[in-house]
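Listed below are the residues making up each chain.
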Amino acid sequence: MTTPPSPAAPLVELDEVSKYYGNIRALEGVSLEVGAGRISCVLGDNGAGKSTLIKIIAGLHRHDAGTFRIEGEEVTLANPRDALDRGIATVYQDLAVVPLMPVWRNFFLGSEPTKGTGLLKRLDVALMRDTTRKALLGMGIDLRDVDQPIGTLSGGERQCVAIARAVHFGAKVLVLDEPTAALGVKQSGVVLKYVAAARDQGLGVVLITHNPHHAYLVGDRFVLLKRGAMAGSHTKDSVTLDELTRQMAGGTELEDLRHELERPSAT
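Analysis parameters
- Residues numbered from 1 in each chain as written.
- Predicted model: local features only at pLDDT ≥ 70, side-chain atom pairs only at ≥ 80, totals over all residues.
- Heavy atoms only, no water.
- Axes fitted to C-alpha atoms, helices over the stretch in contact; angles between N-to-C directions.
- Helix = DSSP H or I, 4+ residues; strand = E, 2+ residues; numbered from the N terminus.
- Parallel < 35°, antiparallel > 145°, perpendicular 65-115°, else oblique.
- Contact = heavy atoms within 4.5 Å.
- Buried < 20%, exposed > 50% of the residue type's maximum accessible area, 1.4 Å probe, protein only.
- Pairing = 2+ DSSP bridges.
- 1 Å grid on protein atoms, 1.4 Å probe; cavity = no way out; pocket = protein on both sides within 12 Å on 5 of 7 lines; lining within 4 Å.
- Points joined across faces, edges and corners; volume = space filled by probe spheres on them.
- Nonpolar A, V, L, I, M, F, W, Y, C, P; charged D, E, K, R; others polar.
- Salt bridge = Lys/Arg side-chain N within 4 Å of Asp/Glu carboxyl O.

Asks: Sorry, what's going on with the packing of helix α5 (residues 155–168) against helix α6 (residues 185–200) here?
Replies: Pairs of packed helices are described in terms of their axes, by the angle between the two and the distance that separates them. Two numbers describe how α5 lies on α6: the axes approach to 8 Å, and their chain directions differ by 10°. In this view, α5 runs roughly parallel relative to α6, as classed from their interaxial angle. Residues Gly155, Gly156, Gln159, Cys160, Ile163 and Val167 of α5 lie in contact with α6, whose contacting residues are Gln187, Val190, Val191, Tyr194, Val195 and Ala198.

Structure below.
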């Protein structure tokens, strides 16, 4: 008989997870824990393995070794729909939106409610407009007009709509792929505010980023990746921003480079 998972089990837990493409190691021995109402940040430069980790959590790729658990149950996700059905929503950096469609239509894209039957069946536009407006306000997002094309919103506003959409459709875990990468300081702050709002609603958040300053503002746990392997794992009370930044920047490798680049002293 299977023992039911503990109520305190993490929403998502990866234990020594690895992924290989032939002889190429994309990930090896990576562990990550995502709790309800907590933000776990995954940091690393390009090529560190962040994208592969996202794809495993989102159900795009299957892991080759290690253990992947959702609410204490060991799983191997078959596809992204499997992940969504288990409450894992992923918001990618490029955002899957249709720029010329209004905000409310993008909010319900692929999940449009209808009314009427047979030949009279049609989209319930009034319900979608009203629900979108209320869902955004519930996250503290006050858009001027949900009828405006989503392409007219700023990058930060579009990210916030995507976060609110995931919350509305019942996500338990929200995976965010570099949500502040292409944004300025002000818009990055707006996005981080709504990341924190999702956390405060009880979601577990995985924040993928290369920016330690953004991670440290909202994160509870930090995992550093380098060339597909873990380069560090810390809770917020066990690491300072300076130390996190130093590890992210290469630590001793950066110090060695500094010595190499120093001008020789004049004789």
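There is more to say after this.
Asks: What should I look at first to understand the pairing of strand β10 (residues 204–209) in this one?
Replies: Each regular strand carries side chains that alternate between the two faces of the sheet. Counting buried positions over the six residues of β10 gives six, a clear majority of the element. The alternating pattern of β10 places Gly204, Val206 and Ile208 on one face and Val205, Leu207 and Thr209 on the opposite face, and all of these are buried. Here strand β3 (residues 39–43) pairs with β10 via five bridges, running parallel. Following the sheet pairing, Ile39 is matched in β10 by Val205. Two elements, strand β9 (residues 173–177) and β10, share five bridges in a ladder whose sense is parallel. Paired with Val175 across the two strands is Val206, which belongs to β10.

Asks: Is there a simple way to think about the side chain of Gln159 in this case?
Replies: Mapped onto the elements of the fold, Gln159 is located in helix α5. In contact with Gln159, not counting residues within four places along its chain, are Val91, Tyr92, Gln93, Leu95, Pro179 and Val191.

Asks: For this particular structure, what's the right way to read empty space enclosed by the protein?
Replies: The gaps left among the atoms become clear once a water-sized probe is rolled over them. Within this structure, the stated rule accounts for one cavity of 30 Å³ or more. If you add up the space inside the largest cavity, you get close to 30 Å³. Contributing to the lining of the largest cavity are Leu11, Val12, Ile70, Glu71, Arg86, Ile88, Lys172 and Val173. For the lining of the largest cavity, a count of residues per class yields five nonpolar, no polar and three charged.

Asks: I would appreciate a short explanation of the pattern of salt bridges in the present structure.
Replies: If charged atoms from side chains of opposite charge come close, those side chains can pair. One pass over the full model with this rule turns up 14 salt bridges. Asp147 is the partner of Arg129 in a salt bridge, and the nearest nitrogen-oxygen pair spans 2.7 Å. Residue Arg129 is found in helix α4 (residues 125–138), and its partner Asp147 is found in the loop between α4 and α5; the two are separated by 18 residues along the sequence. Overall, Arg129 belongs to the partly exposed group, its relative accessible area being 31%. The exposure class assigned to Asp147 is partly exposed, which follows from its relative accessible area of 33%. Linked through salt bridges whose partners overlap, the residues forming this network are Glu73, Asp82 and Arg86.

Asks: When you look at the layout of surface pockets in this model, what are you seeing that I'm missing?
Replies: Roughly 840 Å³ of internal volume is contained in the largest pocket. Along the walls of the largest pocket sit 31 residues, with Leu84, Ala89, Thr90, Val91 and Arg165 positioned nearest its centre. Every element with two or more residues in the lining of the largest pocket is listed here: α2 (80–85), β6 (88–91), α3 (103–107) and α5. Considered class by class, the residues forming the lining of the largest pocket number 20 nonpolar, six polar and five charged.

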